[in-house]
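Examining the three-dimensional arrangement
Given next are the chains, with one letter for each unit.
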Amino acid sequence: MRNFKTTALLLTVPASLMAIGLYAAPILQVLALSLTEPKFGLANYQGLFANAAVGRVVMTTVKVSVMTTVLTVLASYIVAFAIIHMSAGWRRISLFLVLVPFWISVLVRAFSWITILRRRGVLNSTLMDMGVISTPLDLVYNLFGVTVGMVHYMMPFAILLLYANLSDIDRRIMQAARSLGARPATIFWRVWLPLSLPGIALATLFVFVFSLGFLVTPALLGAGKTLMIAEYISVQISSTSRWDLATSLSTMLLLVVGVIVFAAMRSPALRAAFVARPQQ
Amino acid sequence: MKPRRIIEVGLPRFLAWCLLGFLFVPILVVIPVALTDRDYLSLPQDGVSMQHFAALADWSKGWLPSMLTSAGIALACAAIATALGVAFAVGAWAAGGWWPSLMRILLLSPMIVPPIIYAVGMVKLWARLSLLDSYTGVVLVHVVLALPLTVLAIGASLSNLDQRLVQAARSLGARPMTVFGKVILPNIVPGVAAGALLAFVASWDEITVTLFITGRAVVTLPRRIWTSIQDAVDPALAAIATVLLVVTVLALVARALIEHRQQMRKS
């Protein structure tokens, strides 16, 4: 009998070694370097808080992440709510429209937005040909462009999360409310919304955490002008070699993400949505 | 319809379709740009041209080598991640206890921890082990990033499997490896296939960490696209984007057809 369990445990060893040696260890080294590079102590963190450039980057990151999260969750809820009320055929079409952007490379999506939004892009030239505007609008390489790109990136995730959550809600509750004379608006505010709060919380958590540490879209659509934490860290390691800044900022980012996830996990509803169901 | 009903039902539905349009339509813009007859990013001026698709097939332009590099790395990554993922998921499922639970959290954490932090750590580690800009280095990193997906996909398959099947096999005297290979494995094939596919796609698309651990020697397709976007002139970029878009759409349609046929067979 013990033989079986030993074999089972042995099977978990290769992947575990990989996760410890090639994931946990390098990240722990980042934490260690932030305290020792160039010399031991908390000097890097003091430098971080005194650094005005870092302050601006953090402010931009928080601003973009909050805007992205609010817009994404709101828009995704509207879409997910509409999808669960559609007939099977329309639902298939809608889900297809969500799944194509979900699966397509983030680079392709950023590139599409650059093509549309840049000064000589599709949108500006169309508007100028129509005579709506006389000079091109600045739509990309700024806060607006980054936020549009981020919302577009995050929405498919959020829609699929919310769709799964809304599909699980027992529709007989709404029938009961209707038969008792509740109007559609009342049913939405008093029944749908409270029942979908765990899904909304989960989507908010995911989108916010992803936004905080997101590199690709902000880097391509912000092009150094709207600078967020991940891109700032990338500049520190690839061009200026400021390992003190890179490692201490990474550590702070990891701490913030950790605290957010830990705090969210204390809510039983979120934990249920997150953790795999215990095996029988 | 009564005005109130238009506001309560019609307006949200209209908004939802607008938002679905916002998700889907902008991606399509790469198609006309790929067909431009100019050699800079623009809509076709005096007719369409296939020249930028032809450039993709031109070995010296670098797109084809990058596609092959990415395909090779993604295949290696999918094979290793699937093998490790199956072993881990099955072992954890059969053994239970604190060690597999702890390791599961660690294995899944790349899904939450921002990849830029991992990139900082791997640049340091690979520099020390001289694995920067090497195929081995990229494949290993991609395996770590793909493992959460394979473990989740295979775990989903396992959660539908009846533990009594294992007990039955063991009570009939099957040795441990027989139980894993001949009882559990055949029952989780769909999960294993899904895990392998997810690992392939994860590696094929990976950019954030790859960007920092590669240089001139290993140029994956996402890395090639990244550099090209920053130059923002070459319409071949729109052509490759169109190819990726078409492949994605075909894959989704194929999946829908397969699911449809399976449902038909069941009913």
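As recorded by an unreviewed UniProt entry, chain B carries the name ABC transporter permease and is attributed to Mesorhizobium helmanticense. The Sequence similarities (unreviewed entry) field of the UniProt record for chain B holds the comment "Belongs to the binding-protein-dependent transport system permease family."

Chain A appears in an unreviewed UniProt entry as ABC transporter permease from Mesorhizobium helmanticense. Regarding chain A, the relevant UniProt record gives this comment under Subcellular location (unreviewed entry): "Cell membrane".

Take the nonpolar core next. Leu107 and Trp192 of chain A together with Trp63, Tyr118 and Ile225 of chain B are the most contacted members of the largest nonpolar core, which totals 156 residues. Setting aside residues up to four positions removed in sequence, Ile225 of chain B forms contacts with Leu107 of chain A together with Trp63, Leu237, Ile240 and Leu244 of chain B. Counting residues in hydrophobic clusters, the runner-up holds 21 residues, among them Leu11 of chain A together with Ile154, Val183 and Ile188 of chain B.

What follows covers the UniProt feature "transmembrane region" (unreviewed entry) in chain B. All names here are of chain B. When the UniProt feature table is mapped to this numbering, "transmembrane region" (unreviewed entry) covers residues 14–35, 71–93, 105–127, 139–158, 179–202 and 236–258. Secondary structure content for residues 105–127 is 74% helix and 0% strand, while the C-alpha to C-alpha distance between its ends is 27 Å. Spanning residues 236–258, this segment combines 100% helix with 0% strand, and its end C-alpha atoms are found 33 Å apart.

This next bit is on the pattern of salt bridges. This model, assessed by the stated rule, comprises 8 salt bridges over all chains. In this structure, the salt-bridge partner of Arg172 of chain A is Asp170 of chain A, at a minimum N-O distance of 2.8 Å. Here Asp170 of chain A falls in the partly exposed class, since its relative accessible area comes to 32%. Glu259 of chain B is the partner of Arg255 of chain B in a salt bridge, and the nearest nitrogen-oxygen pair spans 4.0 Å. Here Arg255 of chain B and its partner Glu259 of chain B are both found in helix H13 (residues 236–266), 4 residues apart, which amounts to about one turn of the helix. Within the structure, one salt-bridge network assembled from shared partners comprises Asp37, Arg38 and Asp46 of chain B.

This part takes up the side chain of Asn44 of chain A. Tracing the chain through its elements places Asn44 of chain A in helix H2 (residues 43–50). For Asn44 of chain A, the contacting residues outside a window of four places in its chain are Leu33, Ser34, Glu37, Pro38, Asp244 and Ser248 of chain A.

On to the UniProt feature "domain: ABC transmembrane type-1" (unreviewed entry) in chain B. With numbering aligned to this structure, UniProt lists the feature "domain: ABC transmembrane type-1" (unreviewed entry) at residues 67–258 of chain B. Along residues 67–258 of chain B one finds 80% helix and 0% strand; the C-alpha atoms at either end are 27 Å apart.

Parameters at a glance
Residues numbered from 1 in each chain as written. Chains lettered and ligands numbered in written order. Predicted model: local features only at pLDDT ≥ 70, side-chain atom pairs only at ≥ 80, totals over all residues. Heavy atoms only, no water. UniProt positions renumbered as here; feature names shortened; annotations may be inferred. Core = buried A, V, L, I, M, F, W, Y, C linked by side-chain atoms within 4.5 Å. Buried < 20%, exposed > 50% of the residue type's maximum accessible area, 1.4 Å probe, protein only. Contact = heavy atoms within 4.5 Å. Helix = DSSP H or I, 4+ residues; strand = E, 2+ residues; numbered from the N terminus. Salt bridge = Lys/Arg side-chain N within 4 Å of Asp/Glu carboxyl O.

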